[in-house]
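Single-letter residue listing:
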Amino acid sequence: MTDDELMILIQSGTVEAFNTLVAKYQGMLIGFFMRNTRDLQLSEDLAQETLLKVYNQAWDYLPLGRFRGWMFRIARNLLIDNVRKRSNDALVQAVKRQPREESDVMARISEDILGPDERVQNQEFSSLIDELLAEIPEDQRQTFTLHHYTGLSLPEVSEIMEIPLATSKSRLRLAREKLAEKLRARGFVPPKLVGSE
């Protein structure tokens, strides 16, 4: 069943359709928030809030095949609101963030496919990328995470971030270049990050 079909069912009051959407997108949303906040509890809360907004605003959605873009625009707006709120809260700034827990979907998939040595290298590389993402500008980090970790196309990312396609391409390129430079400084050669679209 497509996302649009699920949304039509949600609009008609079918709770099971919403449960299906939650199962399909909750992990992806948590991953998006985690890579931008590095706070698991906050990421889970924001993912839940996003899904509740999807449910509450279901009547605003027009089934034109753009559900993921619509949902991630809601998610990004919640992230921006949260960052603004937290940056103004001195108490939150004083609290140190907890280290990232291994709840990443890609890490679980790699455990099934890779051998033990490859798994350790992949987890180390994934953790390093997550750490380095915190060091690049927010607009580039969001573009990178929306494109690479949620599988959204650059036109979808442009729509979510409400920027021209050329700007999203530029931000993605800059994010890749900065991450590649930081990885090289640590002795890694990142072939996937420097690829072209």
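Residues numbered from 1 in each chain as written. Predicted model: local features only at pLDDT ≥ 70, side-chain atom pairs only at ≥ 80, totals over all residues. Heavy atoms only, no water.

1. Section: the nonpolar core
Across soluble globular proteins, nonpolar side chains show a tendency to be buried alongside one another.
For step 1, the next point in the chain: Counting residues in each nonpolar core, the largest one holds 35 residues, and the members touching the most others are Met7, Leu29, Phe67 and Phe72.
For step 2, the next point in the chain: Ranked by residues supplied to this core, first place goes to helix α2 (residues 15-37) with 10 residues.
For step 3, the next point in the chain: In contact with Phe67, not counting residues within four places along its chain, are Asp3, Asp4, Met7, Leu21, Tyr25, Val54 and Tyr61.
For step 4, the next point in the chain: Of all hydrophobic cores here, the second largest spans 11 residues; its members include Leu128, Ile129, Leu132 and Leu172. (Core = buried A, V, L, I, M, F, W, Y, C linked by side-chain atoms within 4.5 Å. Buried < 20%, exposed > 50% of the residue type's maximum accessible area, 1.4 Å probe, protein only. Helix = DSSP H or I, 4+ residues; strand = E, 2+ residues; numbered from the N terminus. Contact = heavy atoms within 4.5 Å.)

2. Section: a negative patch on the surface
For step 1, the next point in the chain: A grouping of Glu44, Asp45, Glu49 and Asp81 is seen on the molecular surface, where their side chains present a negatively charged patch.
For step 2, the next point in the chain: Among the elements that line the negative patch, the one with the most residues is helix α3 (residues 40-56), at 3 residues.
For step 3, the next point in the chain: Tracing the backbone shows Asp45 in helix α3. (Patch = residues over 30% accessible without salt bridge, like charges linked within 9 Å, V, L, I, M, F, W, Y side chains within 5 Å. Areas by Shrake-Rupley, 256 points an atom, 1.4 Å probe, with all protein chains shown as cover. Salt bridge = Lys/Arg side-chain N within 4 Å of Asp/Glu carboxyl O. Lys, Arg positive; Asp, Glu negative; His and termini not counted. Charge placed at Lys NZ, Arg CZ, Asp CG, Glu CD.)

3. Thoughts on the side chain of Asp130
For step 1, the next point in the chain: Structurally, the position occupied by Asp130 is in helix α7 (residues 116-133).
For step 2, the next point in the chain: At a separation of 3.2 Å, a polar atom in the side chain of Asp130 contacts the side chain of Arg35. (Polar contact = N/O pair within 3.5 Å; in protein donor to acceptor, adjacent residues only side chain to side chain.)

4. Looking at α3
For step 1, the next point in the chain: The terminal C-alpha atoms of α3 lie 24 Å apart, and with 17 residues this matches the ideal 24 Å at 1.5 Å per residue to within 8%.
For step 2, the next point in the chain: Along α3, the residues classified as buried are Leu40, Leu42, Ser43, Leu46, Ala47, Thr50, Leu51 and Val54.
For step 3, the next point in the chain: The N-terminus of α3 is capped by Asp39, whose side-chain oxygen sits 3.2 Å from the backbone nitrogen of Gln41. (Expected span 1.5 Å × (residues − 1).)

By themselves, these are just geometric observations and shouldn't be taken as functional.
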